[in-house]
Amino acid sequence: MRTHVYIHTGTRWIQVGAFSPFSRNHNGLYDAPQELYRWESVAEASRTVLTLRYRLLPYLYTLLYKAHLMADTVLNAMWMHFPEDRTAFFRDGQYMWANGILFTPVLLEGATSVEGYFPRGLWYSLFDDSLIDASTEGMLQLLETPLLETNAHVRGGTVIPMQEFKKLCAARCLTIVTPVTLLVALDSEGAAGGSLFMDDGDQIAIDTYSEVEWRVSTSTFGTIGLTSTVLSTLYECLTCTLGAIEVLGVVGNTCTATLQVGGAVSDPAAVFVALASTESSYSSVTVTFDNPPNIFSELVFQVSCYEDNTSPDNDSSSDNDGFTSLPGYAQGLIITTCVIFGLAILFVISKVVMFKNESEDRQSSLEGREKIALEGSSFNDPLLALDEEEVS
C-alpha cells in the first residue's frame, strides 16, 4: 500500500475503530507493518481518540454490564433509538454507544468534512463542548473534520462518568484508579440521567459489585440539581472518587455550587467553579472538589448560574443578550413563572372586585330598606281620611 494512502486511511480507521467495544490494531503475518506509531500523523490522531476511549471506559463498562444483564445494545445504529425518524433509518455512516454518544467519522478517502445527521435534541461535542441545537427537529450538519480530528457528540439528557487518562495501566484498565468526572449534558428541559457499574473485573458470576444512578433536573428558578441513588456497595472501591462535575448547557456568566455528602454540606471553600462559554446562549461549568467523596455515596449537588451584569466581560450591547438568547427550557421556565404570577394577580383582583361589588349591593339594599321604612311612616291613606271625615 502506498504510504500516503495509508497515512490517510490508517488515520481514519483508528478514528472509527477506537470506539468499537473491542478495539485493537492487527495485521497479517506477511503484510507490511502498520503499527500506529510508524507515522506521526497517525500516531497523533491515535493519541486523541484513544485518550477519549480510555476516559470513557467507566461508561463503556457500564454499558457492557447492562448488555449482560438486560440484553441492551452497546454499539448500534441511530434508528434503534429514533425509530420514528425516517432520516435516521438511512444514516449508515454514523453509530452510537447506547443512546448517549453519537459518532460521525469521515469515511471517504481524502475528505476533510462530513455531513452528519443529528436527531431531535441537543448534542454536545466531546472534544470542545460546542453545541448542535436540534431541539426543534432533526437536522443535517456539515462538520469540518481535518485529518487529525473526528466527531463524537453526547446527547442532551445523558450523564457520562469519565476517568482521567493514564499512560500506563498497572493492573487492569477497567478498574477506576483516578477521580471520576461526571459529564452532565442537559437536554432542552434541563434534565439528564445516567449510572455507573463497577466490580473487580475478574469475577464471572458478577454478584459483588457497586452501582449508582444519577438524576438531574432544573428548578423553575434555574437551579440545577443532581441526586444520586446507590443501588449496591458490595464491591468496595476505595479509589472510586468524584473529582469533578461538568455541566453542559448552563445559562449565565456566574455560578455558585454546593455539595452534600450523606446529608453533610461541604465547606464552600472546598468547591471550585470554573465557567467556560461554548455558545452565545450556552456555557459549560466545571465544579471540582478538593476532598473528593466516594462516587458510590448518597450525594446531592446543586449549581446555580445567572447573568451578572456587573461583570467586566459582560457586553450589554451584544445582539445575543436578552430573552431570545436563552435556551428553550430557560425560556419555558420564565414564561411559566410569568403566567402563574399573572394568574395569581388576576385571581386577587377578581376577588377584590367581587368583594367591592358585594359591599355595594349590601349598602344599596340597606339604603332601600331605610327609605321604604321612612316613606311608610309618613304615608296618608285617602280612604282612611274620608272615613275620618264621615265619623266627624
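Just above sits the structure.
Thresholds applied
- Residues numbered from 1 in each chain as written.
- Predicted model: local features only at pLDDT ≥ 70, side-chain atom pairs only at ≥ 80, totals over all residues.
- Heavy atoms only, no water.
- Helix = DSSP H or I, 4+ residues; strand = E, 2+ residues; numbered from the N terminus.
- Areas by Shrake-Rupley, 256 points an atom, 1.4 Å probe, with all protein chains shown as cover.
- Expected span 1.5 Å × (residues − 1).
- Buried < 20%, exposed > 50% of the residue type's maximum accessible area, 1.4 Å probe, protein only.
- Pairing = 2+ DSSP bridges.
- Salt bridge = Lys/Arg side-chain N within 4 Å of Asp/Glu carboxyl O.
- Contact = heavy atoms within 4.5 Å.

### Re the overall build of the protein
1) Next: When helices and strands are tallied, the protein shows 6 helices and 19 strands.
2) Next: Put simply, the protein shows about 22300 Å² of open surface, and 56% of that area lies on carbon and sulfur atoms.

### Side note on helix α2 (residues 40-55)
1) Next: Taking 1.5 Å of rise per residue, the 16 residues of α2 would be expected to cover 22 Å, and the 22 Å separating its terminal C-alpha atoms lies within 8% of that figure.
2) Next: V42, A43, A45, S46, V49, L52 and R53 are the residues of α2 that are buried.

### A short note on the sheet that holds strand β8 (residues 152-155)
Strand pairing in a sheet relies on backbone hydrogen bonds. The paired strands run either parallel or antiparallel.
1) Next: Pairing within the open sheet is antiparallel, and its 6 strands lie in the order β1-β2-β3-β8-β5-β6. What marks the edges here is a single partner per strand, and that holds for β1 (75-76) and β6 (131-134).
2) Next: By the bridge criterion, 3 bridges tie strand β5 (residues 121-125) to β8 in an arrangement that is antiparallel. When the bridges of β8 are listed, Y124 appears paired with V154.

### A few points about the pattern of salt bridges
1) Next: Counted by the stated rule, this structure contains 2 salt bridges.
2) Next: In this structure, E35 and R38 form a salt bridge, with 2.5 Å as the shortest nitrogen-oxygen distance.
3) Next: E40 is the salt-bridge partner of R47, the closest N and O atoms lying 2.9 Å from each other.

### What to know about unusual backbone geometry
What you tend to see is this: most non-glycine residues have negative phi, and most peptide bonds are trans.
1) Next: Of note in this structure, A98 is not a glycine but carries a positive phi near 50°.
2) Next: Checked against the element boundaries, A98 lands in the loop between β2 (95-97) and β3 (101-103).
3) Next: In this structure, I206 is a non-glycine residue whose phi angle is positive, near 55°.
4) Next: Structurally, the position occupied by I206 is in the loop between β11 (192-198) and β12 (210-218).
5) Next: The exposure class assigned to I206 is partly exposed, which follows from its relative accessible area of 21%.

### Looking at the environment of L148
1) Next: Position of L148 among the secondary structure elements: in the loop between β7 (139-144) and β8.
2) Next: Taking the relative accessible area as the measure of exposure, L148 reaches 29% and is therefore partly exposed.
3) Next: A sequence separation of 100 residues divides L148 from T48, and the C-alpha atoms of the two residues are 8.3 Å apart.
4) Next: Setting aside chain neighbours within four positions, we find L148 in contact with Q15, S41, E44 and A45.

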